[in-house]
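Spelled out from the first residue to the last, the chains are:
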Amino acid sequence: MNSRADALPGQWSTTVRGSLLGWLPAIALLGPSLILTATDGGLQDYRKAQIVALALLALTVIAGRSLFIPSWQACVLAGTILASGGAALLGWIAADASAFLFSKSVMLVAMFLLVDQLRERSFQELMRSMAPLATLLIAILLLGLLRNWQALGARPDFVGLHPNLGGELLFASLLVISFAAPGWLRLLGYAAGLAALALLQSRAALLGSLIIIIGSEAWRLTQALGWQQAVRLSAGILAAASTMALAALLFLPATANGVSTFFGSQILLLDHPERGVGTGLAGRVETWRAAWQAFAAAPFIGHGLDQTLMPNGQAIHNGYLALLAAFGLFAIGPFAVLISALTTAWRKDTHRFLVIIACCVVFFFNARSFNLNIFPLILWLACLPWCKPGQVDG
């Protein structure tokens with residue numbers, strides 16, 4: 001009797017410790033984004049939150065009492081940033097050697113190495129722990145959009161954020177929510193997130209979100225029913241949707257035309273004078289050309305992290321070209337990490353594979369190669385060698 005009572009405090013402390021170790025990484029990874037949205041884009045508070053996030057990750061690693069030799073993926077990602085920073089300090093490249101850029105490089109290196117120490121967990125477990133915070137983040141972003149609903153057509157800043165950054169936050173949140181075990185939480189998050197992306201007119205993030213939502217739910221359906229029944233059910237849903245669309249065209253042509261016009265003009269912006277068809281993908285083709293020219297001018301060591309390559313200060317808006325322009329041939333390392341993660345996840349972790357695919361699509365239109373923002377950070381974290389997930393539920 002006494003021995004059992006004596007064991008209870010130890011069991012309680014173990015439970016509390018395990019719970020904290022599960023939540024701290026989630027708070028560290030999504031907490032800064034919540035701070036950013038809650039403070040209407042307050043960058044000073046955001047930077048402080050990122051420092052606190054690294055401290056929380058370090059606390060998690062120390063409390064876990066298990067240190068690993070860094071994986072080659074984490075070493076390559078950290079080494080790429082360190083090599084570029086070293087070249088800048090030595091004057092080999094004409095990069096901005098500001099204190100901010102130096103601190104950002106150090107924080108990125110620390111982020112990769114610290115999260116790499118959590119790899120005995122599965123990526124699925126990490127993402128599930130982040131799902132409640134991701135749902136809260138989507139709610140804040142959606143409310144921020146609705147609060148300024150009169151200016152939605154002009155893509156205004158909302159909660160102090162640029163629309164592109166808002167799209168990245170929403171996309172990353174939907175990636176996380178796709179791992180949530182309760183089906184109702186996923187559906188709620190999907191509906192709110194897609195609505196916010198449609199109002200925000202963030203097309204790349206919307207495309208990536210549809211890829212992860214459709215892909216992950218189709219995979220779940222296959223896991224539950226088997227391939228044959230899943231295909232039959234999907235075909236039935238597709239046939240029903242096609243029948244409804246055809247009936248609308250035949251019996252309600254004005255409504256169907258109005259819906260298609262709204263979708264093409266207000267969501268896809270096909271006829272927008274600055275972002276529609278014939279604008280060179282909103283001027284991004286010009287930035288891609290400039291990025292390739294910048295890579296050709298310094299193909300070995302690049303121009304350094306976060307260096308502006310356009311004379312007007314416009315970002316590149318292509319993560320792959322940004323890697324080449326920033327790091328030159330050192331970019332081979334991150335590309336190798338990405339390819340390795342795709343091949344490994346394809347064999348062992350279908351959901352993580354779908355996350356990487358969706359991220360790769362959005363990364364094609366992203367303005368940054370490496371960043372502490374949850375996207376594209378979540379792409380590189382997904383590329384670390386996580387343990388194989390356990391039984392999938394939900």
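Bear in mind the structure is a predicted one, so any value in this text is a computation, not a measurement.

### Quick look at the overall build of the protein
- A count of helical and extended segments in the protein gives 15 helices and zero strands.
- Counting only residues that meet the buried cut, the protein has 48% of its 394 residues in that class.
- Contacts spanning at least 24 positions in sequence make up 77% of the contacts within the protein whose residues lie at least 6 apart.

### Let's talk about the packing of aromatic side chains
- Taken as a whole and judged by the stated rule, the model has 15 aromatic pairs.
- Between the aromatic rings of Phe112 and Phe370, the centroid separation amounts to 5.9 Å while the plane-to-plane angle is 70 degrees, which identifies the pairing as edge-to-face. Residue Phe112 is located in helix α4 (residues 99-116), and its partner Phe370 is located in the loop between α14 (350-363) and α15 (374-382); the two are separated by 258 residues in the primary sequence.
- Given a relative accessible area of 0%, Phe370 falls into the buried group.
- Ring centres of Tyr320 and Phe364 lie 6.5 Å apart, and the angle between their planes is 50 degrees; on these two criteria the pair is classed as tilted. Linking Tyr320 in helix α12 (residues 319-327) with Phe364 in the loop between α14 and α15, this pair joins segments that are 44 residues apart in sequence.
- A relative accessible area of 18% means that Tyr320 is categorised as buried.
- The rings of Phe112, Trp288, Tyr320, Phe327, Phe335, Phe363, Phe364, Phe365, Phe370 and Trp380 are connected pair by pair, giving a single aromatic cluster.

### Structural notes on the environment of Leu56
- Structurally, Leu56 is set in helix α2 (residues 43-64).
- Residues Leu56 and Ala28, 28 residues apart in the sequence, show an inter-C-alpha distance of 6.0 Å.
- The contact partners of Leu56, leaving out residues within four places of it in the chain, are Leu24, Ile27 and Ala28.

### Thoughts on unusual backbone geometry
- Of the consecutive residues Phe375 and Pro376, the connecting peptide bond is found in the cis state with omega at 15 degrees.
- Mapped onto the fold, Pro376 is located in helix α15.

### Here's the deal with a nonpolar patch on the surface
- The grouping of Leu89, Phe102 and Val106 at the surface amounts to a nonpolar patch, some 320 Å² of accessible area in total.
- If you trace the backbone, Val106 turns up in helix α4.
- Given the relative accessible area of 43%, Val106 is considered partly exposed.

### Re the environment of Ala331
- Structurally, the position occupied by Ala331 is in the loop between α12 and α13 (332-348).
- Taking the C-alpha atoms as reference points, Ala331 and Ile81, separated by 250 residues in sequence, lie 9.7 Å from one another.
- Every residue in contact with Ala331, bar those within four places of it in the chain, is listed here: Leu323 and Leu324.

### Section: the confidence of the model for the protein
- With 70% of its residues at a pLDDT of at least 70, the protein reaches an overall mean of 78.
- Residue range residues 1-18 is modelled with pLDDT below 50. Its contacts to residues more than four positions away, or to other chains, number three contacts.
- In this model, residues 270-281 is a region of pLDDT below 50 whose contacts with residues beyond four sequence positions or in other chains number 17 contacts.

Here is what the cut-offs are and how they apply
Residues numbered from 1 in each chain as written. Predicted model: local features only at pLDDT ≥ 70, side-chain atom pairs only at ≥ 80, totals over all residues. Heavy atoms only, no water. Helix = DSSP H or I, 4+ residues; strand = E, 2+ residues; numbered from the N terminus. Buried < 20%, exposed > 50% of the residue type's maximum accessible area, 1.4 Å probe, protein only. Contact = heavy atoms within 4.5 Å. Phe/Tyr/Trp six-rings, centres within 6.5 Å; stacked < 30°, edge-to-face > 60°. Patch = residues over 30% accessible without salt bridge, like charges linked within 9 Å, V, L, I, M, F, W, Y side chains within 5 Å. Areas by Shrake-Rupley, 256 points an atom, 1.4 Å probe, with all protein chains shown as cover. Salt bridge = Lys/Arg side-chain N within 4 Å of Asp/Glu carboxyl O. pLDDT = per-residue confidence, 0-100.

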